[in-house]
Amino acid sequence: MAAPRHRISSATRRKMTDSIALSKVPWAGHLDEPDFLARIYDLQKMPSTDERYSNAFDDIYQHQVRNYDWGDGWVFTDARFNLLHADDDEFLRLLAEMLHPIVRPDEAEVAELLAAFNEILRVDGFALFAKDWISGHAVYGWRRNDAFHGSSPELRLHERPLTDPVVLQEHLTRIRDGLVADPAATISSCKSLLESLFKIVLDQSFIDYPRADDVPQLYRKVADLLSLSAESVPASARGSEASQKILRTLVTTVGTLAELRNELGIDHGKSERSAALARHARLALNATVTVAEFILDTWQERLDSGQLSGPA
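Keep in mind the model is a prediction, meaning the values are calculated, not measured. (Residues numbered from 1 in each chain as written. Predicted model: local features only at pLDDT ≥ 70, side-chain atom pairs only at ≥ 80, totals over all residues. Heavy atoms only, no water.)

So, on to the overall build of the protein chain. When you go through the protein chain residue by residue, the secondary structure sums to 10 helices and 2 strands. Its helices and strands taken in sequence order, the protein chain reads α-α-α-α-α-β-β-α-α-α-α-α from the N to the C terminus. Within the span of the protein chain, comprising 312 residues, buried residues form 47% of the whole. Sequence separation of at least 24 residues holds for 59% of the intrachain contacts in the protein chain that already meet a minimum separation of 6. Accessible area for the protein chain stands at about 16100 Å²; split by element, carbon and sulfur atoms hold 51% of it. (Helix = DSSP H or I, 4+ residues; strand = E, 2+ residues; numbered from the N terminus. Buried < 20%, exposed > 50% of the residue type's maximum accessible area, 1.4 Å probe, protein only. Contact = heavy atoms within 4.5 Å. Areas by Shrake-Rupley, 256 points an atom, 1.4 Å probe, with all protein chains shown as cover.)

Shown next as structure tokens:
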């Protein structure tokens with residue numbers, strides 16, 4: 001049975017369109033309105049409301065570029081687009097297009113709109129999210145809040161030897177939701193994910209550690225447990241020199257993530273707003289996933305081979 005196509009209620013749609021109108025932020029961004037709509041619709045094949053023109057593009061150009069006599073929110077009530085009653089995907093596509101970097105290159109403005117859109121969509125179980133990237137700028141898609149897919153972080157936690165993966169999943173959810181809307185918080189969540197992962201590995205391996213240990217200290221204990229030090233690679237092993245360099249780089253990456261959190265994150269009170277942007281959060285995410293995947297994969301291999309014992 002196909003999923004319902006009108007899960008976004010009329011009340012939510014009207015609240016969204018009113019919010020856009022009241023914000024006074026042009027929904028077409030830096031583009032003329034017909035150029036913006038042509039990114040979504042084939043305006044040349046849609047009818048005109050003005051008998052002087054044969055298609056919607058020329059009609060809209062006349063009334064919104066030459067004269068601007070329809071007002072700000074006309075597109076939300078125009079019967080040709082039927083946005084208050086269209087399928088969810090069509091409604092969400094217009095919102096996502098409003099955040100496209102070609103339409104709106106200002107990251108701060110995009111983050112503000114994204115937060116406002118998602119707050120309204122949340123009641124019906126939807127969210128916009130960064131599904132792709134163009135030159136460091138996010139391109140948005142949409143999903144149900146109970147879904148987790150696309151280019152979002154995914155560590156296949158359900159396949160891992162975790163007694164309770166919920167804490168890591170919560171970090172991933174915060175990273176996913178804040179990647180563009182709150183990059184400073186996302187950077188802090190990246191550091192917290194690694195800290196939680198290292199503690200889980202040590203706890204499930206019955207390794208004691210001081211609770212005051214920071215992330216680099218925890219990593220060194222995990223590296224010792226999993227034999228991840230550069231010195232653990234035999235000199236005679238093929239590619240040993242490259243392997244040793246990569247393992248040393250992991251140490252540096254973990255330490256640098258902690259430093260990035262201190263500089264751009266939100267865990268320490270600061271007198272000035274964080275300078276973190278989406279590209280910084282994306283960098284932190286990529287580094288975090290690289291380290292986390294390697295630790296999880298190595299831990300799994302050590303357990304499977306009998307080199308380590310896990311919880312009963």
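That shown, we press on.
Looking at chain direction, strand 1 (residues 126-134) and strand 2 (residues 137-144) are connected through 8 bridges and run antiparallel. Each bridged residue has a counterpart across the sheet, and for D132 the counterpart in strand 2 is V139. The antiparallel pairing of strand 1 with strand 2 creates a hairpin that spans 2 residues between the two strands, and S135 there sits at a positive phi of about 50 degrees. (Pairing = 2+ DSSP bridges.)

Counting residues in hydrophobic clusters, the biggest one holds 85 residues, and the most contacted among them are W27, L37, F81, L95, F198 and I295. For this core, the leading source of residues is helix 10 (residues 278-304), giving 12 residues. (Core = buried A, V, L, I, M, F, W, Y, C linked by side-chain atoms within 4.5 Å.)

So, on to the packing of aromatic side chains. Counted according to the given criterion, the structure contains 7 aromatic pairs. In this structure, R13 is placed above the aromatic ring of F91, and the distance from its NZ or CZ to the ring centre is 5.0 Å. The ring of F126 has R144 lying over it, and the distance from NZ or CZ to the ring centre is 5.0 Å. (Phe/Tyr/Trp six-rings, centres within 6.5 Å; stacked < 30°, edge-to-face > 60°. Lys NZ or Arg CZ within 6 Å of the ring centre and 35° of its normal.)

Moving on, we come to the side chain of D59. With respect to the helices, strands and loops of the structure, D59 is situated in helix 3 (residues 56-66). Residue classification places D59 among the buried positions, given a relative accessible area of 0%. Within the structure, D59 has its side chain in polar contact with the side chain of T49 (distance 2.7 Å). With sequence-adjacent residues up to four places away left out, D59 is seen in contact with S48, T49, D50, Y53, W70 and R80. (Polar contact = N/O pair within 3.5 Å; in protein donor to acceptor, adjacent residues only side chain to side chain.)

The next subject is helix 5 (residues 107-121). Taking 1.5 Å per residue as the helical rise, helix 5 with its 15 residues ought to reach 21 Å, and the 21 Å between its terminal C-alpha atoms agrees with that figure. Those residues of helix 5 not exposed but buried are E107, V110, A111, L113, L114, F117, N118, I120 and L121. Buried residues along helix 5 sit in contact with helix 1 (10-23), helix 4 (88-98), strand 1, strand 2 and helix 10. One side-chain oxygen of the residue at the start of helix 5 lies 2.9 Å from the amide nitrogen of A108, identifying that residue as D106. (Expected span 1.5 Å × (residues − 1).)

In this section: unusual backbone geometry. Not every positive phi belongs to a glycine, and Y68 is a case in point at roughly 50 degrees. With respect to the secondary-structure elements, Y68 resides in the loop between helix 3 and helix 4. Positive phi is not limited to glycine here, since S227 has a value of about 55 degrees. According to the relative accessible area criterion, S227 is partly exposed, its value standing at 40%.

Now for the environment of F126. If you trace the backbone, F126 turns up in strand 1. Residues F126 and R143, spaced 17 residues apart in sequence, show a C-alpha to C-alpha distance of 5.7 Å. Contacts of F126, omitting those with residues within four sequence positions, involve R7, I8, D88, L92, L121, R143, R144 and N145.

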